[in-house]
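What follows is each chain in one-letter form.
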Amino acid sequence: MLSVLIVGQTQHQESLKALFAANISRVSCCQTAGEARRLMSRTEFDCVVINAPLTDEFGRDLALKAIDLGAEAILLCRANQRDQLAAGLEQYGVFVLVKPLARQLAAFSMGLIRTSRYRMKALREENKRMKKRLEEARVLTQAKCCLARYQQLSEEQAHRLIEKRAMDERISIKEVAQKIVAGFEE
């Protein structure tokens, strides 16, 4: 389930809530882009639905702000504006849909958003794991270089020495490598 911010005129907020109700765990509503920006700065949303035009701006910049903050954005506009808006916004990941919005299209859009959020979460976790592995490899290489330079060990000998110390001390190879680098820096 998604947390959604609906931005638009008050008279349309209830119908938009009803359209997206099956996919929403938490919903907040506001009327202007300014209110929405303040609310987004305090609260994290999975999706921001903008019923354009708003009273203080059209909604395009708000959609881009939502994307920058890590939310998905749906911009609802008139049919004659859709192609022009989509050409400029879809490259940033903003869904540009024509209003009035059919229930099926709303459900399909929220399904796509939910799926993309799961995929992005998995990619972020994989990215974090890869950064950790790269950092470990960097420290290990640095330690092996120190051992090769100052103790005239080959790379294989240095690697075996680091692995043996890690096993003997019951700590990770990274921790051993960090100790070696710190020792040579002193």
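Quick notes on the rules
Residues numbered from 1 in each chain as written. Predicted model: local features only at pLDDT ≥ 70, side-chain atom pairs only at ≥ 80, totals over all residues. Heavy atoms only, no water. UniProt positions renumbered as here; feature names shortened; annotations may be inferred. Helix = DSSP H or I, 4+ residues; strand = E, 2+ residues; numbered from the N terminus. Buried < 20%, exposed > 50% of the residue type's maximum accessible area, 1.4 Å probe, protein only. Contact = heavy atoms within 4.5 Å. Salt bridge = Lys/Arg side-chain N within 4 Å of Asp/Glu carboxyl O. Axes fitted to C-alpha atoms, helices over the stretch in contact; angles between N-to-C directions. Parallel < 35°, antiparallel > 145°, perpendicular 65-115°, else oblique. Nonpolar A, V, L, I, M, F, W, Y, C, P; charged D, E, K, R; others polar. Expected span 1.5 Å × (residues − 1). Arc of directions from axis to C-beta. Phe/Tyr/Trp six-rings, centres within 6.5 Å; stacked < 30°, edge-to-face > 60°. Pairing = 2+ DSSP bridges.

**Q** Is there a simple way to explain the UniProt feature "domain: ANTAR" (unreviewed entry) in the protein in this structure?
**A** The residues that UniProt annotates with the feature "domain: ANTAR" (unreviewed entry) are residues 120-181. Across residues 120-181, helical content stands at 90% and strand content at 0%; the span's end C-alpha atoms are separated by 36 Å.

**Q** What exactly am I supposed to notice about the environment of valine 49 here?
**A** Following the sequence through the fold, valine 49 ends up in strand β3 (residues 47-51). Relative accessible area serves as the criterion here: at 0%, valine 49 is assigned to the buried category. In this structure, the C-alpha to C-alpha distance between valine 49 and leucine 76, residues 27 residues apart in sequence, is 7.5 Å. Setting aside residues no more than four positions away along its own chain, valine 49 makes contact with Val4, Leu5, Ile6, Val7, Phe20, Ile74 and Leu76.

**Q** Before we go on, may I ask you to explain the pattern of salt bridges in this structure?
**A** It is possible for side chains bearing opposite charge to pair when their charged atoms get close. Tallying each qualifying case throughout the model produces 13 salt bridges. Residue arginine 60 is joined to aspartate 61 by a salt bridge in which the shortest nitrogen-to-oxygen separation is 4.0 Å. Given a relative accessible area of 32%, arginine 60 falls into the partly exposed group. The salt bridge involving arginine 165 is made with glutamate 169; its shortest N-O contact spans 3.4 Å. Placement of the pair is arginine 165 and glutamate 169 together in helix α6 (residues 155-169), with a separation of 4 residues, close to one helical turn. Overall, arginine 165 belongs to the partly exposed group, its relative accessible area being 29%. One connected set of salt bridges, linked through shared partners, spans Asp46, Glu72 and Arg117.

**Q** Whenever I open this one, the packing of helix α2 (residues 33-42) against helix α3 (residues 60-68) confuses me. Can you help?
**A** Helix-helix packing is described using two parameters, namely the angle between the two axes and the distance between the axes. Put simply, α2 and α3 touch, their axes get as near as 10 Å, and they point 5° apart. Classified by the angle their axes make, α2 and α3 are roughly parallel. Across from Ala33, Ala36, Arg37 and Met40 in α2, the residues of α3 making contact are Asp61, Leu62, Lys65 and Ala66. By residue class, the composition of the contact of α2 with α3 is 5 nonpolar, no polar and 3 charged.

**Q** What should I look at first to understand the UniProt feature "coiled-coil region" (unreviewed entry) in the protein in this one?
**A** Per the UniProt entry, the sites bearing "coiled-coil region" (unreviewed entry) are residues 113-140 in this numbering. This span, residues 113-140, is 100% helix and 0% strand, and a straight line between its end C-alpha atoms measures 40 Å.

**Q** Please clarify how α6 should be interpreted in this entry.
**A** Two residues of an α-helix separated by three or four positions point the same way, owing to the 3.6 residues in each turn. Taking 1.5 Å per residue, 15 residues should reach 21 Å; α6 reaches 21 Å between its end C-alpha atoms and fits that length. When we look at burial in α6, the residues that qualify are Ala158, Ile162 and Ala166. Seen end-on, α6 carries its buried residues on one side only, within an arc spanning 70°. Counted as exposed and oriented over 90 degrees from the buried face of α6: Arg160, Met167 and Asp168. Among the structural elements, α5 (103-151) and α7 (173-185) are those in contact with the buried residues of α6. Following α6 by one or two positions, arginine 170 adopts a phi angle in the positive range, close to 55°.

**Q** Looking at this structure, how should I read the packing of aromatic side chains?
**A** Each aromatic ring pair is characterised by the separation of its centres together with the angle its planes make. A complete count under the given rule lists 1 aromatic pair for this structure. Ring centres of tyrosine 150 and phenylalanine 184 lie 5.2 Å apart, and the angle between their planes is 20°; on these two criteria the pair is classed as stacked. In this pair, tyrosine 150 is assigned in helix α5 and phenylalanine 184 in helix α7, connecting sequence segments 34 residues apart.

**Q** Which parts of the structure should I look at to understand the sheet that holds strand β4 (residues 72-77)?
**A** Strand pairing in a sheet relies on backbone hydrogen bonds. The paired strands run either parallel or antiparallel. As summarised here, the arrangement of the 5 strands in space is β2-β1-β3-β4-β5, forming an open sheet in which the pairing is parallel. If you trace the sheet from one side to the other, it starts and ends with β2 (24-30) and β5 (94-98), each paired once. With direction set aside, neighbouring strand axes in the sheet form an average angle of 20°. The sheet strands contacting helix α1 (residues 10-20) are β1 (2-7), β2, β3 and β4, and the helix crosses β2 at an angle near 165°. Helix-sheet contacts for α3 involve β1, β3, β4 and β5, and the interaxial angle to β4 is about 165°.

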